[in-house]
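Working through the structure, step by step
Listed below, chain by chain, are the residues.
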Amino acid sequence: MLLFDITFAYPAAHRSTYGALALAFLGLSSALPTLGTALIAGALADRHDRGRLMRAVNLLAIVAVVGLVADLLLAPATAVGLPIPNGFYLPVWVLLLFPLWAMVTVSSTLFRPAFNTSVPKVVPPAELGRGNGLIYALAAIAAAIGTVVVGAILTLAPSVDALVVPLALLVATQVALLRVDVDLSVVRRASPRSVWAEARAGFAYLVRRVELLEMTVAALLVNFLSAVALVELALYVATWLGLSQGIWYGAVIAIATVGGATGFLVVGRVRFEPHAGRIMILLTLGMGLSLLALGMVRTVWLALPIVFVYGMMPGMITTVFLSTVQATVPDEMMGRVFSADEVGSYSLVPAGQYAGGLLTLAVGVQGTYLLAGAAIAVLGVGMLLGFGALRRLGYAPEGVGEDLIPAGAKA
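Residues numbered from 1 in each chain as written. Predicted model: local features only at pLDDT ≥ 70, side-chain atom pairs only at ≥ 80, totals over all residues. Heavy atoms only, no water.

**Some points on the overall build of the protein**
Counting its secondary structure elements, the protein contains 15 helices and 2 strands. Taking 411 residues into account, the globule formula puts the C-alpha radius of gyration at 22 Å, and the protein, at 22 Å, falls close to it. For the C-alpha atoms alone, the extent of the protein along its principal axes is close to 65 × 45 × 35 Å. Taking all 411 residues of the protein together, 48% fall into the buried category. At a minimum sequence separation of 6, the contacts of the protein that also span at least 24 residues come to 80%. Here the protein has roughly 18,600 Å² of accessible surface; of this, 72% comes from carbon and sulfur atoms. (Helix = DSSP H or I, 4+ residues; strand = E, 2+ residues; numbered from the N terminus. Rg over C-alpha atoms; globule rule 2.2 N^0.38 Å. Buried < 20%, exposed > 50% of the residue type's maximum accessible area, 1.4 Å probe, protein only. Contact = heavy atoms within 4.5 Å. Areas by Shrake-Rupley, 256 points an atom, 1.4 Å probe, with all protein chains shown as cover.)

This is the structure we're talking about:
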């Protein structure tokens, strides 16, 4: 919605130049604070009562969204000129969006480690796979429905009205958090140190757990290569599949979302725990082959089922990874492991999006999908052959202790 508003903040003649640059600033305004916050988010989750932390950061998000509503309603007409490029300017209301959007993304970054480390407090070890799958499947479905509703509002009403959707979801989340009566405090065996010292300890722990480090390195490369292809998805639909109507792009996004929700649910019903590492490797290989297949088909009726299968893979990997960390990492270290993995996994996504544009200019849309898919597939084979610690990773749910690596885990 904000992308839509910023795009149309400029006259048609300047949308592809000034508008594009303003959108880049919006991305930058959230990317840097988010990355910085991710470095300490896990340490905060491992120091404080996670229930209180989630309520506090969710309230921060509510305040930020209310600020966005006020900004769009008031919409100051003045503008701030910037020297580069010549003539570029930012309407003041667009400039005010940047810190407010940063607050939203920072609150989300702080929320995730606290939430993911709270799941084992309410879900038995044997049910972690199903529990995580159900939670994230419901989140994916809610996101899909929200996207459709926001699209309808943007068509029928002023764009500011679309903010009622995220605001309602955040308020509902706050109400649910206030009703949680489970003790979500951290089980600690060591005295708290400074936030930065504890953050460094989290990265050091990840390095010692070679199997988790291997998965983080793999995720870094997979997310980079996926971003290379997916940043060009609209162009893929419009030029490679030859479908200029926006409904087809929406259909591709919707099918991918449904695939993700299905992946979350399906993997939780499979006994993946003893072979968690191998399953994540095979799913990575499946992601690469799916992207490769998209570069080989020219009809949407073949592309849609492939997109569905592709969408399943990240959902399944996420569920397996979350459950494995929750079962094999001590409670006092879990938030930092999730946070360190997030920093490592997603730090190259913006670079991947930029590289995707350059690669598409050089080899075209089909070439981009073929190269990105082939690279992920080769990575999957390399992981299968070379990532021995990850390949051996697994655990027995019945052997999971309260805050210790279970006897059934393999490292």
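**Considering the packing of helix 9 (residues 233-240) against helix 14 (residues 349-386)**
Packing of helix 9 against helix 14 leaves a shortest axis separation of 10 Å and a crossing angle of 80 degrees. Between helix 9 and helix 14, the crossing angle belongs to the class labelled roughly perpendicular. Between helix 9, through Leu233, Leu235, Tyr236, Thr239 and Trp240, and helix 14, the contact on the second element is made entirely by Thr360, Val365, Gln366 and Tyr369. (Axes fitted to C-alpha atoms, helices over the stretch in contact; angles between N-to-C directions. Parallel < 35°, antiparallel > 145°, perpendicular 65-115°, else oblique.)

**Description of the confidence of the model for the protein**
Mean pLDDT over the protein stands at 86; residues scoring 70 or higher make up 93%. For the protein, helix 1 (residues 2-7) is the element with the lowest average pLDDT, namely 71, and helix 11 (residues 276-294) is the one with the highest, namely 95. (pLDDT = per-residue confidence, 0-100.)

**Quick look at the environment of Ala229**
Structurally, Ala229 is set in helix 8 (residues 210-230). A relative accessible area of 0% means that Ala229 is categorised as buried. Sequence-wise, Ala229 and Val57 are 172 residues apart; in three dimensions their C-alpha atoms are separated by 33 Å. Those residues in contact with Ala229 that sit more than four places away from it in its chain are Leu291, Thr368, Tyr369 and Ala372.

**Focus on empty space enclosed by the protein**
Under the definition given, this model contains 2 cavities of 30 Å³ or more. The space that makes up the largest cavity amounts to roughly 40 Å³. What lines the largest cavity is simply Ala38, Leu39, Gly42, Ala43, Ala199, Phe203, Arg336, Ser339 and Ala340. By residue number, the principal contributor to the lining of the largest cavity is helix 2 (residues 15-45), which donates 4 residues. Residue classes in the lining of the largest cavity are distributed as 6 nonpolar, 2 polar and 1 charged. (1 Å grid on protein atoms, 1.4 Å probe; cavity = no way out; pocket = protein on both sides within 12 Å on 5 of 7 lines; lining within 4 Å. Points joined across faces, edges and corners; volume = space filled by probe spheres on them. Nonpolar A, V, L, I, M, F, W, Y, C, P; charged D, E, K, R; others polar.)

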